[in-house]
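Results of the structural survey
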Amino acid sequence: MKHEDRLLSNLTAYSQSDYYPFHMPGHKRAELDFPNPWSIDITEIDGFDNLHHASGILARLQARAATLFGAQKNFCLVNGSTCGILAAISACVKPGGKLLLSRNCHKSAYHGIYLRNLTPVYVMPEMTNFGIMGSLSPEAVEAALAAQPDIEAVLVVSPTYDGIVSDIKSIATIAHAHGIPLIVDEAHGAHLPLAERCACSNPFPISALRCGADLVIQSLHKTLPAFTQTALLHLNSDLVDESLIQRFLGI
């Protein structure tokens, strides 16, 4: 049997099993009201726009997403949140510059540091009683920025893979007092802005977009019913040059 045949048969068997998927993607293999992907898979033909030069239907889609999630500007991503994190770091920090980031960031943050030849300045999250990394202390962020005023941006992951959120509002206030943007990797929190719009009582934390973050990256496929790699980058500030975001997303 060919390797690709085993992969397909294993995927098929798993999808037909009684295992409940407590894992990504967020659609949980449910039969959703969506057409056969093969039937709607096309390229940049007339009427269907170009993601990296959006001016038509995709531009309108991104405008609706910005309104829905509460951002000034939205960019639909390919390659998941990784693409957005790389673009955000590249747009905010000059080659060879300094980036302040929590030590528990996704590996894409370290790839961005490598690609831009940046100097990382790490802040360790607090440890919880459960033995996992907790939230990032605003006081630690302030101390790091005061000690190294040439830092050009702050990057925080919130919520973490374990669901821990940081005080994004306070961290944003601190970053802005130093005249630099705050990037929030909210890959595991795409549901937070939508939960805020529910009429029922909302048990979730407030989204980074409403807490003053300048750039927020979300993986819709982690917590929402979306295909793997579906992600968004939200621009919510004038501290970041939109044209730079567009340039690096294209790259």
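See above for the structure.
One numbering rule holds for all chains: residues counted from 1, following each sequence as written. Only residues with pLDDT of at least 70 are given local features in this predicted model, and only at 80 or more are side-chain atom pairs given and counted; all residues enter the totals for whole chains, interfaces and linings. Excluding hydrogens and water, the side-chain figures rest on all heavy atoms present in the structure.

1. Here's the deal with the nonpolar core
What makes a nonpolar core is a set of buried Ala, Val, Leu, Ile, Met, Phe, Trp, Tyr and Cys residues whose side-chain atoms join them at distances within 4.5 Å. Working definition: with a 1.4 Å probe on protein chains only, accessible area under 20% of the residue-type maximum means buried, over 50% means exposed, and in between means partly exposed. Counting 30 residues, the largest nonpolar core has Leu100, Leu145, Val154, Ile168 and Leu182 as its most contacted members. A helix here means a DSSP run of H or I that spans at least four residues, while a strand means a run of E at least two residues long, and both kinds are numbered starting from the N terminus. Those elements giving two or more residues to this core turn out to be strand E3 (119-123), helix H5 (138-147), strand E4 (151-157), helix H6 (168-177) and strand E5 (182-185). At five residues, the largest contribution of residues to this core is made by H6. Residue contacts follow a heavy-atom distance rule, with two residues in contact if any of their heavy atoms lie within 4.5 Å. Those residues within four positions of Leu100 in sequence are excluded, and the remaining contacts are Val121, Val123, Val141, Ala144, Leu145, Ile151, Ala153, Val154 and Leu155.

2. A short note on the pairing of strand E7 (residues 231-235)
Along E7, five of the five residues are buried, which leaves the element largely enclosed by surrounding structure. Covered by surrounding structure in E7 are Ala231, Leu233 and Leu235 together with Leu232 and His234, the residues of both alternating faces. In this sheet, E7 lies alongside strand E1 (residues 73-77) in antiparallel orientation, the contact comprising five bridges. Of the residues in E7, the one forming a bridge with Asn74 is His234. Pairing between strands requires that DSSP locate at least two bridges from one strand to the other. Note that strand E6 (residues 215-219) and E7 share five bridges and pair antiparallel. Looking at E7, one finds that Ser219 is bridged to Ala231.

3. A few points about the environment of His23
Tracing the backbone through its elements, the reader meets His23 in the loop between helix H1 (3-15) and helix H2 (57-69). Owing to a relative accessible area of 36%, His23 belongs among the partly exposed residues under this scheme. As a C-alpha pair, His23 and Thr223 span 200 residues in sequence and 9.3 Å in three-dimensional space. The contact partners of His23, leaving out residues within four places of it in the chain, are Tyr14 and Lys28.

4. A look at the packing of aromatic side chains
The aromatic pairing rule takes the rings of Phe, Tyr and Trp, using the six-membered ring of Trp, and pairs them if the centres are within 6.5 Å, calling planes under 30 degrees apart stacked, those over 60 edge-to-face and the rest tilted. Tallied over the entire structure, the rule returns four aromatic pairs. Consider the rings of Tyr14 and Tyr19, whose centres lie 5.9 Å apart with planes at 20°: the pair is stacked. Judged by its relative accessible area of 55%, Tyr19 is exposed. A ring pair is formed by Phe34 and Phe227, whose centres lie 5.4 Å apart and whose planes are at 80°; its orientation type is edge-to-face.

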